[in-house]
Amino acid sequence: MRIHTLMASAALLIAASTAAFAARDLPVPVDKGWQHADTGLILPATLDGMARDKLADNGTAERDVYADFRSADKATNVTIFLFHPAIDDVAMWFDRAQSVILSRDVYGGVTASGIAPMPFAPPRATTASGLRQAYTPTARAIRGTALAVMPLGEWLVAVRASSTTLDAAATDAAMSRAIAAMRWPQGVAEAAAAVPIGSCADALHFGPAKPAATDAGDALMPLLLGAALKNDKARAVGRPVHWCRDAASGARYGIYRGDGAGYEIAFGDAGRVMAVTPTLDTLLGKGNRYSVSFTDVDDSVRAFPAFDGLPSPEQAIALLAGRSSGVATHKDGQTAITLPAK
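This one's a predicted model, so the numbers in the text were calculated from it and none came from an experiment. (Residues numbered from 1 in each chain as written. Predicted model: local features only at pLDDT ≥ 70, side-chain atom pairs only at ≥ 80, totals over all residues. Heavy atoms only, no water.)

Participant: Sorry if this is basic, but what is going on with unusual backbone geometry here?
Facilitator: Glycine aside, the phi torsion of most residues is negative, and most peptide linkages are trans. The phi dihedral of Glu 62 is positive, around 60°, even though this residue is not glycine. Note that Glu 62 resides in the loop between strand 5 (50-57) and strand 6 (64-70). Phi at Asp 299 is positive, roughly 75°, even though this residue is not glycine. Along the polypeptide, Asp 299 turns up in the loop between strand 18 (290-295) and strand 19 (301-307). Using a relative accessible area of 10% as the deciding quantity, one classes Asp 299 as buried. (Helix = DSSP H or I, 4+ residues; strand = E, 2+ residues; numbered from the N terminus. Buried < 20%, exposed > 50% of the residue type's maximum accessible area, 1.4 Å probe, protein only.)

Participant: Is there a simple way to explain the nonpolar core in this structure?
Facilitator: Across soluble globular proteins, nonpolar side chains show a tendency to be buried alongside one another. Formed by 29 residues in total, the largest nonpolar core has its most connected members in Ile 80 and Val 157. Only strand 5, strand 6, strand 7 (76-83), strand 11 (144-152), strand 12 (155-163) and helix 3 (168-181) provide two or more residues apiece to this core. Ignoring sequence-local partners within four residues, the contact set of Ile 80 consists of Leu 43, Leu 47, Val 65, Tyr 66, Ala 67, Phe 69, Val 157, Ala 158, Val 159 and Met 182. Of all hydrophobic cores here, the second largest spans 25 residues; its members include Ile 101, Leu 147, Ile 197 and Trp 243. (Core = buried A, V, L, I, M, F, W, Y, C linked by side-chain atoms within 4.5 Å. Contact = heavy atoms within 4.5 Å.)

Participant: Even after reading the chapter, I still don't get the pairing of strand 11, so can you show me in this structure?
Facilitator: Along a regular strand, successive side chains alternate from one face of the sheet to the other. Extensive coverage of strand 11 is indicated by the burial of 9 of its 9 residues. Here strand 11 shows no split at all, with Gly 144, Ala 146, Ala 148, Met 150 and Leu 152 on one side and Thr 145, Leu 147, Val 149 and Pro 151 on the other all buried. Once strand 10 (residues 130-137) ends, the chain turns through 6 residues before running back antiparallel as strand 11. Between strand 11 and strand 12, which follow one another and run antiparallel, lie 2 residues, and Gly 153 among them has a positive phi close to 65°. (Pairing = 2+ DSSP bridges.)

Participant: Help me understand the pattern of salt bridges, please; the structure alone is not making it clear to me.
Facilitator: If charged atoms from side chains of opposite charge come close, those side chains can pair. Applying the stated criterion to the full structure yields 13 salt bridges. For Asp 64, the salt bridge is made with Arg 272, and the minimal N-O distance between the two is 3.3 Å. With a gap of 208 residues between them, Asp 64 in strand 6 and Arg 272 in strand 17 (residues 272-278) connect regions that are remote in the sequence. Just as Asp 64 is buried, Arg 272 falls in that class too. (Salt bridge = Lys/Arg side-chain N within 4 Å of Asp/Glu carboxyl O.)

Participant: What exactly am I supposed to notice about the environment of Ile 317 here?
Facilitator: In this structure, Ile 317 sits in helix 7 (residues 313-318). Ile 317 sits 25 residues away from Val 292 along the chain, and the two C-alpha atoms are 9.3 Å apart.

Participant: Sorry, what's going on with the packing of aromatic side chains here?
Facilitator: Given two aromatic rings, their pairing is described by the distance between the two centres and the angle made by the two planes. Taken as a whole and assessed by the stated rule, the structure comprises 4 aromatic pairs. On the basis of an interplanar angle of 35° and a centroid distance of 6.4 Å, the ring pair of Tyr 66 and Phe 81 is categorised as tilted. Highlighted residues: Tyr 66 in strand 6 and Phe 81 in strand 7, separated in sequence by 15 residues. Relative to Tyr 263, the ring of Phe 206 has its centre 5.7 Å away and its plane inclined at 70°; by these criteria the two rings are edge-to-face. Linking Phe 206 in the loop between strand 13 (198-199) and helix 4 (216-229) with Tyr 263 in strand 16 (residues 263-267), this pair joins segments that are 57 residues apart in sequence. Over the aromatic face of Phe 120 sits the side chain of Arg 132, whose NZ or CZ is 5.1 Å from the ring centroid. (Phe/Tyr/Trp six-rings, centres within 6.5 Å; stacked < 30°, edge-to-face > 60°. Lys NZ or Arg CZ within 6 Å of the ring centre and 35° of its normal.)

Right under this line is the structure:
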């Protein structure tokens, strides 16, 4: 019960951290196309004969946008999600979106069409930088569903298709036609080939961890790291991270481990992440403390007090209900860092 309460509170706090409002409909006539300003992606009024009946923004700056398209008989629908993830990794967010499909009651469980998600090259790309999979739901009210996630620069595009009349293969084909019907921008840099995320070889062990005495450096490190990741040169020289899914993952959030110590908590399936990472003194071999930070789709980073050991995901998530120890915001290539007054 306590864990469920924590997760419900965390969901509310994450929504509040992005903005204290519900999704807003974008003022675009249903018979007109729409172009996303930051990426140049254009969603027409129809995709493969399916009319758009919803276009909304989970925020104020079009950093987490979705659009619904439906066939004339309402039997088949395709939803397009365009978001700017805290970690722009196709495999991680495919894994999160797939976990949502696996847990949806309306499907009653699903059977995947293949052993693993299939890499594919998105429109205007030659590298297989996207991942896709089709599924057959156990509940026969929906005959087929399919999912694809692909990169668009530092953004991700996720596509879900479902049908009450088409089987998994035909639903997957309908999704392919919808992807092809979107108007993709030219000149976007190729992304690396996508490799599906697998389970970690071992499980994390969360020892007793208590809030530690925190200094300004503990707050500054995750904030400055977040600022560095916004620098294109830093991205260019950075090597790809090889993620694995920890056994502590669930439907509401995934726990992902990279090449170093600590872990990332990926909430939902639309880009928001909490990082649990060693503090600077720990990296220098002078302790065993871990910092915690939360990064939103608007690139803002909130730092929280450190722990004197590796905290459990529940301990890290609980920090969202408290006061942050610093905030970094990014706009027009500039970073502003704010630390609370003592």
